[in-house]
Amino acid sequence: MKILLFGTPGTGKTSIGRCLQETYNFKFFETKEFAYEHGYYWGYDWKRRSMILDTELFEDFLEAEILKKEQKMNICIAGPVIYINPQLIDFVVVLRCRPDILRKRLEARHYPPQKIEANVEAEIMDIVYLDTLEHYSKEKVISFDTTFISPQDAAKKLLKSLHTSL
Ligand SMILES: Nc1ncnc2c1ncn2[C@@H]1O[C@H](COP(=O)(O)OP(=O)(O)OP(=O)(O)O)[C@@H](O)[C@H]1O
Ligand SMILES: [Mg+2]
């Protein structure tokens, strides 16, 4: 199974991706780390404190080097919304979190207040979900709430619901 995992920072992409890798035999790629490793980035945005991806070239690379080559492998790619040929993936999962709980998670990470507000606002306005629907058809997109569930339980429940949707 091939999954893309999107979501506002703090919704649990990394935590769930790691559980998929450790418990469910998935190969897990963090878009930003993987892009950085292979040189697909323009630089660093100090205002947003995040890497600026060279998105199109990186998407081509992911398609050719990972998704087409590793056809038998379970793969989860997590990070900002990217566009991958939908034929190469089974599901696009958008993680959600109730904004007040998301704020707590981001505060616990000691993010600067401005970054916390920007992310909480993005979650309230469904930015990632709407952006995802601009790139992928609704049938492939699954919204999954992580507010009151541990990453381990979230990974388990998510896989169960994906298997029943296959
Ligand atoms: N289901 C959960 N329940 C409680 N806390 C969680 C849950 N998922 C993640 N967290 C906590 O929220 C914080 C952010 O989680 P995580 O790093 O997985 O998010 P992310 O979506 O990968 O964020 P980013 O986009 O910044 O990489 C972590 O401190 C993690 O422990
Ligand atoms: Mg992460």
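Since the model is a prediction, treat every value here as computed from it, not as a measurement.

What counts as what
Here the residue index of a chain counts from 1 through its sequence in written order. Lettering of chains starts at A and numbering of ligands starts at 1, both following the order in which they are written. Selection of residues for local features in this predicted model requires a pLDDT of at least 70, selection of side-chain atom pairs for listing and counting requires 80 or more, and totals for whole chains, interfaces and linings are taken over all residues. Each helix corresponds to a stretch of at least 4 residues labelled H or I by DSSP, and each strand to a stretch of at least 2 residues labelled E; elements are numbered beginning at the N terminus. Note that the radius of gyration is over C-alpha atoms, with the globule rule given as 2.2 Å times the number of residues to the power 0.38. Remark: C-beta atoms are placed from the backbone, and a residue is labelled buried if 20 or more other C-beta atoms sit within 10 Å of its own, exposed if 12 or fewer do, or partly exposed between those counts. Contact between two residues is assigned when their C-beta atoms, built from the backbone, lie within 7 Å. What we call a nonpolar core is a set of buried Ala, Val, Leu, Ile, Met, Phe, Trp, Tyr and Cys residues whose membership is set by joining through C-beta atoms within 7 Å. Here the expected length of a helix is defined as 1.5 Å per residue gap, with one fewer gap than residues. Think of the arc as the fan of directions from the helix axis to the C-beta atoms. Using a C-beta atom placed from the backbone, a residue is scored as near a molecule or strand whenever that atom is within 6 Å of it. When residues are sorted by character, Ala, Val, Leu, Ile, Met, Phe, Trp, Tyr, Cys and Pro go into the nonpolar class, Asp, Glu, Lys and Arg into the charged class, and all the rest, Gly among them, into the polar class. The angle between two axes is taken between their N-to-C directions and runs from 0 to 180 degrees, where each axis is a line fitted to C-alpha atoms and a helix contributes only its stretch in contact. Roughly parallel refers to an angle under 35 degrees, roughly antiparallel to one over 145, roughly perpendicular to one between 65 and 115, and oblique to any angle outside these ranges. Paired strands, in this sense, are two strands between which DSSP finds at least two bridges.

Student: Report on the overall build of the protein chain, specifying residues and quantitative values.
Tutor: Across its full length, the protein chain holds seven helices and seven strands. The C-alpha radius of gyration computed for the protein chain amounts to 15 Å, which stays within 12% of the reference 15 Å derived for 166 residues, consistent with globular compactness. Along the longest, intermediate and shortest principal axes, the C-alpha atoms of the protein chain span 45 × 35 × 30 Å. Sorting the 166 residues of the protein chain into buried and exposed places 30% on the buried side. Of the contacts formed within the protein chain by residues at least 6 apart in sequence, a portion of 69% connects residues at least 24 apart.

Student: I'd love a proper account of the nonpolar core, names of residues and values included.
Tutor: Counting residues in each nonpolar core, the largest one holds 34 residues, and the members touching the most others are L5, C76, I77 and V93. Of all the elements in the fold, those that place two or more residues in this core are β1 (2-7), α1 (13-24), β2 (26-30), α3 (55-67), β5 (74-78), β6 (91-96), α4 (99-108) and α7 (151-165). In terms of residue count, the dominant contributor to this core is β6 (five residues). The contacts of V93, once residues within four sequence positions are left out, are I3, L4, L5, I142, F144 and L158.

Student: An account of helix α5 (residues 113-124) is requested, with residue identities and associated values reported.
Tutor: Between its terminal C-alpha atoms α5 stretches 16 Å, which fits the 16 Å expected from 12 residues at 1.5 Å a residue. Looking only at α5, the buried set comprises I116, N119 and E123. Down the axis of α5, the buried side of the element spans an arc of 75°, and every buried residue falls inside it. For α5, the exposed residues lying more than 90 degrees away from the buried face are P113, Q114, E121 and I124.

Student: An account of the site of ligand 1 is requested, with residue identities and associated values reported.
Tutor: Around ligand 1 sit 16 residues in total, of which P9, G12, K13, T14 and S15 are the nearest. For the shell around ligand 1, the secondary structure elements donating two or more residues are α1, α4 and α7. For the shell around ligand 1, the element with the highest residue contribution is α1, accounting for three residues. Taken together, the residues of the shell around ligand 1 break down into five nonpolar, eight polar and three charged.

Student: So, the packing of α1 against α7: which residues are in play, and what are the values?
Tutor: Relative to each other, α1 and α7 sit at 70°, their axes nearing to 8 Å. Here α1 lies roughly perpendicular to α7, going by the angle between them. For the pair formed by α1 and α7, the contact residues are S15, I16, C19, L20, T23 and Y24 on the first element and P151, Q152, A154, A155, L158 and L159 on the second. Counted by class, the contact of α1 with α7 contains nine nonpolar, three polar and no charged residues.

Student: Account for the pairing of strand β4 (residues 50-53), with residues named and values stated.
Tutor: Relative to β4, strand β3 (residues 41-45) is paired through four bridges, and the arrangement is antiparallel. Within β4, the residue paired with Y41 across the bridge is L53. Taking the residues that link successive antiparallel strands as the turn, the β3-β4 hairpin has four residues, and the phi of R49 there is positive, at about 50°.

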